[in-house]
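# Structure assessment
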Amino acid sequence: MTHSAVSEIGGRLAEAFRLSAAPLAVCGSEEVPADAVPLPSVHRCIAVAMYRMAMGAADAPALYLGEEANAGCCPGGLAHMGFVGRSDEIRWFVSTGRSDIRGGAAEYLKADPALVDACFERAGPVTPPGRYLVIRPCRTVTDDAAVRSICLFGTAEAVRNIAALVHFDRPDPFSPVLAPWGPACATFVSYPAGLAAGAPRDAAFMGPTDPTVNHALPPDLLAIGIPIAVARRMAGNLDASFVVRRPRVAFPERGR
């Protein structure tokens, strides 16, 4: 297989930051790729399916979702990918609950429903990247034009270092790396891939800040979703940065 620029970017970043998880590419497609399986066949949660892909076998198939290919997927995740509308009940379920909705079940992630509404309004409408959303290991990318973002999983140390490289060529100390509110799938996919209209296009998104996936992710794991243009810049900056020039600062020896 001919290596694409995205596969090389993923490989360089994975090697530089000593990632044991495979870098993932978030893509749009008008057709179901021949090497893809429905995402819910791995897990109903988009974020959990992505983590399992990243940690899985080298020959893991690509995953896809679409309006007519979503059976078994979390409805909230589908809404955050733009494939279905957002339920009116979600504002209550995410916040304080209401006795006549889901038996009063609630996640208590926001103080009140109005704050949920305000966050969703600021995130803006969500537009899918194509007829299908496709997630695949970067190493299997052959069409760079289809790639919207990449997602990297790593230890806290690795992701701290990745965030530092995002900042390497940027003058603003605050906006290049964000820890946004929302479901893990938004942090991994819809924000960095530019599906959410209100998401900054030049920032990386670190998290997740969604405790509802804590049961499925290791306690020492973080992820960072990176728009592909930012990832290209990062790969180009590696050799001039602390990652290559001062690797013992990035990864100090410990516990001898």
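Residues numbered from 1 in each chain as written. Predicted model: local features only at pLDDT ≥ 70, side-chain atom pairs only at ≥ 80, totals over all residues. Heavy atoms only, no water.

Turning our eyes to something else, we now look at the nonpolar core. With 41 residues, the main nonpolar core has Ile46, Met50, Ile135, Phe153, Phe188 and Val189 as its most contacted residues. Listing elements by their share of this core, those giving two or more residues are strand S1 (24-29), helix H2 (46-55), strand S3 (62-66), helix H3 (75-81), strand S4 (132-137), strand S5 (147-155), helix H7 (184-190) and strand S8 (221-227). For this core, the leading source of residues is H2, giving 8 residues. Not counting residues within four places of it along the chain, the set of residues in contact with Met50 comprises Leu24, Ile135, Cys151, Phe153, Phe188 and Val189. Grouped together as the second largest cluster of nonpolar side chains are 38 residues, Ala25, Cys138, Ala231 and Met234 included. (Core = buried A, V, L, I, M, F, W, Y, C linked by side-chain atoms within 4.5 Å. Buried < 20%, exposed > 50% of the residue type's maximum accessible area, 1.4 Å probe, protein only. Helix = DSSP H or I, 4+ residues; strand = E, 2+ residues; numbered from the N terminus. Contact = heavy atoms within 4.5 Å.)

What follows is about the pairing of S4. A large share of S4 lies buried, amounting to 6 of its 6 residues. Alignment of S1 against S4, held across 6 bridges, turns out to be antiparallel. Bridge assignment links Ala25 to a residue of S4, and that residue is Arg136. For S3 and S4, the ladder comprises 4 bridges, and the chain directions are antiparallel. Paired with Leu63 across the bridge in S4 is Ile135. (Pairing = 2+ DSSP bridges.)

Attention now moves to the side chain of Glu157. Within the secondary structure, Glu157 sits in helix H6 (residues 156-167). Using a relative accessible area of 17% as the deciding quantity, one classes Glu157 as buried. Beyond its immediate stretch of four places on either side in the chain, Glu157 contacts Ala250, Phe251, Pro252 and Arg254.

Running from N to C, H6 and helix H8 (residues 228-237) point in directions that differ by 95°, and their axes come no closer than 9 Å. One way to sum up the angle between H6 and H8 is to call them roughly perpendicular. Two secondary-structure elements touch here, H6 through Ile162, Leu165 and Val166 and H8 through Val230, Met234 and Asn237. Grouping the constituent residues of the contact of H6 with H8 by class yields 5 nonpolar, 1 polar and no charged. (Axes fitted to C-alpha atoms, helices over the stretch in contact; angles between N-to-C directions. Parallel < 35°, antiparallel > 145°, perpendicular 65-115°, else oblique. Nonpolar A, V, L, I, M, F, W, Y, C, P; charged D, E, K, R; others polar.)

Interpretation note: all reported values are geometric properties and have no functional meaning in isolation.
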